[in-house]
Amino acid sequence: MYQHIMIPVDLAHEERLEKALNTGADLARLYDIPVCYVGVSSNTPGEVAHNPEEFEQKLKQFASEQAAKHRLREVSSKACISLDPAVDLDRTLLKAVKESGADLVVMASHVPGLAEHLFASNAGYIANHAEVSVLVVR
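Residues numbered from 1 in each chain as written. Predicted model: local features only at pLDDT ≥ 70, side-chain atom pairs only at ≥ 80, totals over all residues. Heavy atoms only, no water.

Visitor: Mind showing me how you'd approach helix α1 (residues 18-31) here?
Guide: Because the α-helix completes a turn every 3.6 residues, residues three or four places apart line up on one side. With 14 residues, α1 extends 20 Å from end C-alpha to end C-alpha; this agrees with the ideal 20 Å at 1.5 Å per step. Within the sequence span of α1, burial applies to A20, L21, G24, A25, L27 and A28. Along the axis of α1, the buried positions cluster into a sector of 160°, meaning they face one direction only. For α1, the exposed residues lying more than 90 degrees away from the buried face are K19 and L30. (Helix = DSSP H or I, 4+ residues; strand = E, 2+ residues; numbered from the N terminus. Expected span 1.5 Å × (residues − 1). Buried < 20%, exposed > 50% of the residue type's maximum accessible area, 1.4 Å probe, protein only. Arc of directions from axis to C-beta.)

Pasting the structure below:
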């Protein structure tokens with residue numbers, strides 16, 4: 001059914017990703033397909049990493065840990081560096097979908113509140129604009 005899964009991750013908020021990570025891993029095992037974990041960071045120091053190289057290493061380590069934890073056959077990671085992730089996150093993730101070759105995106109969402117009435121969520125944007133299937137896990 002699917003050939004490749006992309007799972008966007010925010011390494012600063014791993015604790016909020018558990019359901020989406022488990023869902024993506026379950027689907028990867030079910031269809032015996034690879035998973036690409038994608039993270040977006042800036043090229044300036046942040047709470048996760050001091051520079052893009054450190055961010056890439058941490059994302060690679062995260063992907064390796066997920067592979068071991070969920071017994072995944074094939075995983076990769078893709079670090080996307082943006083000048084302003086808060087502004088460019090949606091476009092950066094859509095570009096990563098195309099570059100990764102994923103035909104399914106599994107991503108976490110958050111419980112909607114007042115802000116979603118004013119601003120669209122990242123998951124909602126990706127679901128509306130991606131050319132592939134998107135599973136939003138709340």
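Visitor: Mind showing me how you'd approach the sheet that holds strand β3 (residues 75-82) here?
Guide: By way of backbone hydrogen bonds, the strands of a sheet pair with one another, either parallel or antiparallel. Pairing is parallel across the open sheet formed by five strands, whose spatial order is β3-β2-β1-β4-β5. Edge strands, defined here as strands with exactly one partner in the open sheet, are β3 and β5 (133-137). When strand polarity is set aside, the average angle formed by the axes of neighbouring strands in this sheet is 25°. Here strand β2 (residues 35-42) pairs with β3 via eight bridges, running parallel. Within β3, the position partnered with S41 by the bridge is I81. Where α1 meets the sheet, it contacts β1 (5-8), β2, β4 (104-108) and β5, and its direction lies at approximately 155° from that of β4. (Pairing = 2+ DSSP bridges. Axes fitted to C-alpha atoms, helices over the stretch in contact; angles between N-to-C directions. Contact = heavy atoms within 4.5 Å.)

Visitor: It is not clear to me how the nonpolar core should be interpreted in this structure. Could you clarify?
Guide: Nonpolar side chains in soluble globular proteins tend to end up buried together. Core analysis: the largest hydrophobic core is formed by 24 residues, its most contacted members being I5, I7, V9 and Y37. Among the elements of the structure, β1, α1, β2, α2 (52-70) and β4 are those that each provide at least two residues to this core. Sequence-distant contacts of I5, defined by excluding residues within four places in its chain, comprise G24, L27, A28, I33, P34, V35, C36, A102, L104 and V106. Counting residues in each nonpolar core, the second largest holds 15 residues, with C36, V38, C80 and L93 among its members. (Core = buried A, V, L, I, M, F, W, Y, C linked by side-chain atoms within 4.5 Å.)

Visitor: Help me out: how do you make sense of the pattern of salt bridges in this one?
Guide: Opposite charge on two side chains permits pairing when their charged atoms draw close. For the coordinates displayed, the defined rule picks out 10 salt bridges. Across the salt bridge formed by E54 and K58, the nearest N and O atoms sit 3.5 Å from each other. Here K58 and E54 lie together in helix α2, a separation of four residues that amounts to about one turn. Since its relative accessible area comes to 24%, E54 is described here as partly exposed. When its relative accessible area of 37% is taken as the criterion, K58 is described as partly exposed. For the salt bridge of K98 with E131, the shortest nitrogen-to-oxygen distance reads 3.9 Å. (Salt bridge = Lys/Arg side-chain N within 4 Å of Asp/Glu carboxyl O.)

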